[in-house]
Amino acid sequence: MTATVPFATEPFAERLEPAVQPAIPPGMPLVFGSTDRLLQGRTTDRHWWSARSNDTAYADRIIADLQAESRPDPGASPATAIGTLSFRPDAPALFFPLAAADRAQSVPARLPMRRSPVQLLGARELPDPGGYLENVNQAIARLRGGQNAAKVVLGRWLDLETATPLDPLAVLGSLATTSRGAVRLFAVPAPAVPEGDSEPAILLGASPELLVSRRGRLVRSTPMAGSVPRSSDPATDALRAHALLDSVKDGDEHRYVADAVAAALRPLCDGLVVDGPKLMRTDTVWHLATEIHGRLSDPNLDLSALHLAQLLQPTPAVGGTPTDWALDVIAELEGARSCVAGAVGWVDAAGDGSYAVGIRSGLLSGRRLRLFAGAGIVAASDPESELMETEAKLATMLGGLGLSTAAVKGMIR
Ligand SMILES: C=C(O[C@@H]1C=C(C(=O)O)C=C[C@H]1O)C(=O)O
């Protein structure tokens with residue numbers, strides 16, 4: 001049973017680290033996929049944990065173990081692991097084997113549907129809108145004064161307390177309908193136990209962004225950056241989308257991400273196709289996205305989907321440019337993110353797999369759900385617009401709870 005904790009007085013983000021290796025109870029959900037093809041299972045007594053998400057020996061070990069598991073029955077579907085890398089390369093990773101019975105299930109086991117809106121007892125913003133605007137202003141000042149500094153993604157948390165513990169699968173079931181299939185749904189245990197909790201939180205979300213996938217030799221990525229909230233009025237919605245496509249500021253903000261992903265994949269591929277930026281929409285936001293694909297020159301197992309995720313994570317979609325500078329600014333102004341905005345997905349014994357950027361997400365423990373949303377800040381950013389962008393991004397997860405932004409605002413204390 002999950003212990004429920006009262007709201008702490010200090011920001012949640014500051015309590016996410018240092019990481020403690022979690023004791024994983026059996027039976028926690030393991031879910032990753034789209035609405036028409038979902039990997040779905042439960043934790044057992046086995047897992048792979050690493051103190052560092054960028055440790056390639058960790059990925060080697062997982063692949064070797066999956067191969068050993070697959071060897072006795074080469075005709076069966078390959079052994080598969082599912083899990084998450086933290087946002088920071090020096091923070092922990094956690095993966096789990098998917099039981100063979102779960103693996104065989106290519107059609108999703110039906111996700112339960114939540115019948116009524118979640119009953120909220122309280123909500124808190126960390127930082128509050130004023131604090132977020134201050135952080136963005138700080139970042140803009142540094143971007144304008146810095147030599148090489150070009151972009152940093154700053155986030156904030158919306159901490160919700162519900163009357164009864166949330167069923168993560170029911171939240172995913174609702175997200176599957178509110179998000180209309182254009183996302184990757186996920187629910188996996190987080191690799192660290194937030195202070196004050198008794199067991200790992202569950203990383204839960206519906207991400208529109210493909211960090212990387214590998215199938216045989218084929219590698220794909222769809223980096224996103226540059227966003228605008230959608231409008232319920234179709235004409236305004238279309239105008240906003242076209243303004244986004246024409247925006248020099250958003251084009252620049254996007255290019256840092258697309259260029260970084262293309263630069264990392266190009267040396268590994270025989271030819272890389274980079275197609276974008278183009279418009280993509282979720283239920284609440286328009287994004288600029290670039291579709292990138294190529295064929296691996298050397299389809300070795302040390303370039304498995306998990307290794308590729310380690311290579312790319314964190315992209316400037318969630319970190320910034322240059323990465324090390326941005327990670328320092330995020331740690332200072334925002335705090336820790338754990339596996340939120342990290343990589344979440346699966347890898348199999350053949351090296352195939354798929355990873356989403358772990359955004360439009362939150363950390364769930366019992367009656368507490370901490371939702372995250374960030375926005376890319378560049379020198380030309382307008383702080384109020386960035387705040388509105390995070391609000392629109394938070395609305396995706398609120399939709400999965402049957403809650404409106406206005407209803408949650410009324411509960412904020
Ligand atoms: C950081 C988030 O989203 C990322 C940032 C974007 C941007 O700054 O425009 C767009 C898509 C995502 O890559 C988030 O949803 O929390």
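Definitions and limits used
- Residues numbered from 1 in each chain as written.
- Predicted model: local features only at pLDDT ≥ 70, side-chain atom pairs only at ≥ 80, totals over all residues.
- Heavy atoms only, no water.
- UniProt positions renumbered as here; feature names shortened; annotations may be inferred.
- Helix = DSSP H or I, 4+ residues; strand = E, 2+ residues; numbered from the N terminus.
- Rg over C-alpha atoms; globule rule 2.2 N^0.38 Å.
- Buried < 20%, exposed > 50% of the residue type's maximum accessible area, 1.4 Å probe, protein only.
- Contact = heavy atoms within 4.5 Å.
- Areas by Shrake-Rupley, 256 points an atom, 1.4 Å probe, with all protein chains shown as cover.
- Lys, Arg positive; Asp, Glu negative; His and termini not counted.
- Charge placed at Lys NZ, Arg CZ, Asp CG, Glu CD.
- Near = heavy atom within 4 Å.
- Polar contact = N/O pair within 3.5 Å; in protein donor to acceptor, adjacent residues only side chain to side chain.
- 1 Å grid on protein atoms, 1.4 Å probe; cavity = no way out; pocket = protein on both sides within 12 Å on 5 of 7 lines; lining within 4 Å.
- Sits in = over half its atoms within 2 Å of the grid points.
- Nonpolar A, V, L, I, M, F, W, Y, C, P; charged D, E, K, R; others polar.
- Salt bridge = Lys/Arg side-chain N within 4 Å of Asp/Glu carboxyl O.
- Phe/Tyr/Trp six-rings, centres within 6.5 Å; stacked < 30°, edge-to-face > 60°.
- Axes fitted to C-alpha atoms, helices over the stretch in contact; angles between N-to-C directions.
- Points joined across faces, edges and corners; volume = space filled by probe spheres on them.

The name given to the protein chain in an unreviewed UniProt entry is isochorismate synthase, and the organism recorded there is Microlunatus phosphovorus. Annotation of the protein chain in UniProt includes, under Catalytic activity (unreviewed entry), the sentence "chorismate = isochorismate". UniProt, in its Sequence similarities (unreviewed entry) section for the protein chain, records the words "Belongs to the isochorismate synthase family."

(A) Here's a closer look at the overall build of the protein chain. Per the secondary structure count, the protein chain includes 10 helices and 19 strands. For a compact globule of 413 residues, the expected C-alpha radius of gyration is about 22 Å, and the protein chain comes in at 20 Å, within 12% of that figure. Projected onto its principal axes, the C-alpha coordinates of the protein chain cover approximately 60 × 50 × 40 Å. Taken over 413 residues, the protein chain has a buried fraction of 58%. In the protein chain, the share of contacts with a sequence separation of at least 24, taken over all contacts with a separation of at least 6, comes to 76%. Total accessible area on the protein chain stands at roughly 16,000 Å², and carbon and sulfur atoms take up 53% of it. The positive charge centre, built from 39 side chains, and the negative charge centre, built from 46, are 4 Å apart in the protein chain.

(B) Focus on the site of the ligand. Around the ligand there are 18 residues in total, and Glu209, Gly226, Ser227, Arg360 and Gly374 lie nearest to it. A distance of 2.4 Å separates an oxygen atom of the ligand from a polar side-chain atom of Glu209. The contact in question runs from an oxygen atom of the ligand to an N or O atom on the side chain of Glu253, over 3.2 Å. Protein coverage of the free-state accessible area of the ligand, which is 390 Å², stands at 100%. The cavity where the ligand resides is the largest cavity. Sorting the residues of the shell around the ligand by element identifies strand 12 (224-229), strand 19 (368-377) and helix 9 (383-400) as the ones contributing at least two each. By residue number, the principal contributor to the shell around the ligand is strand 19, which donates five residues. The class makeup of the residues in the shell around the ligand is eight nonpolar, five polar and five charged.

(C) Representation of the pattern of salt bridges. Overall, the coordinates contain 19 salt bridges when judged by the stated rule. Between Glu332 and Arg142 there is a salt bridge; the shortest N-O distance is 2.8 Å. Of this pair, Glu332 sits in helix 8 (residues 323-333) while Arg142 sits in helix 3 (residues 129-145), and the two are 190 residues apart along the sequence. A relative accessible area of 53% places Glu332 in the exposed class. The salt bridge involving Lys249 is made with Glu253; its shortest N-O contact spans 2.9 Å. Within this pair, Lys249 and its partner Glu253 are both found in helix 6 (residues 248-265), separated by four residues, close to a single helical turn. Judged by relative accessible area, Glu253 falls into the buried class, the value being 1%. Among the charged side chains, a salt-bridge network with shared partners connects Glu125, Arg156, Glu391 and Lys409.

(D) The arrangement of the environment of Ala139 in detail. Relative to the helices and strands, Ala139 resides in helix 3. According to the relative accessible area criterion, Ala139 is buried, its value standing at 0%. With 265 residues separating them along the chain, Ala139 and Ser404 place their C-alpha atoms 30 Å apart. Once residues within four sequence positions are removed from consideration, Ala139 is found in contact with Val152, Leu154, Leu333 and Ile377.

(E) Highlighting the packing of aromatic side chains. Counted by the stated rule, this structure contains three aromatic pairs. Judged by centre distance (6.3 Å) and plane angle (65 degrees), the ring pair of Tyr58 and Phe95 falls under edge-to-face. Of this pair, Tyr58 sits in helix 1 (residues 56-70) while Phe95 sits in strand 5 (residues 93-97), and the two are 37 residues apart along the sequence. Both rings, one in Trp157 and one in Phe372, keep their centres 5.3 Å apart while their planes meet at 65 degrees; by these two values the pair is edge-to-face. Here the residue Trp157 occupies a position in strand 7 (residues 151-162), and Phe372 occupies one in strand 19, the gap between them amounting to 215 residues.

(F) Structural view of the packing of helix 4 (residues 168-178) against helix 9. The N-to-C vectors of helix 4 and helix 9 enclose an angle of 120 degrees; their axes lie 7 Å apart at closest approach. In this structure, helix 4 uses Val171, Ser174, Leu175 and Thr178 to contact helix 9, whose residues at the interface are Thr396, Met397, Gly399 and Gly400. Its residues placed into classes, the contact of helix 4 with helix 9 shows three nonpolar, five polar and no charged.

(G) Up close: the layout of surface pockets. One number sums up the size of the largest pocket: a volume of about 960 Å³. Together, 37 residues line the largest pocket, and Arg37, Ser213, Arg215, Trp346 and Ser354 are the ones closest to its centre. Those elements giving two or more residues to the lining of the largest pocket turn out to be strand 1 (29-33), strand 2 (38-42), strand 10 (210-215), strand 11 (218-222), strand 13 (269-281), strand 14 (285-296), strand 16 (343-348) and strand 17 (353-357).

(H) Structural context of empty space enclosed by the protein. Scanning the model with the defined rule gives three cavities of 30 Å³ or more in all. There is about 200 Å³ of room inside the largest cavity. In this structure, the largest cavity is lined by 20 residues; those nearest its centre are Ala317, Ile359, Arg360, Gly374 and Lys393. Together, Glu125, Arg156, Leu158, Glu391, Leu394, Leu398, Thr405, Val408, Lys409 and Ile412 line the second largest cavity. Counted by class, the lining of the second largest cavity contains five nonpolar, one polar and four charged residues.

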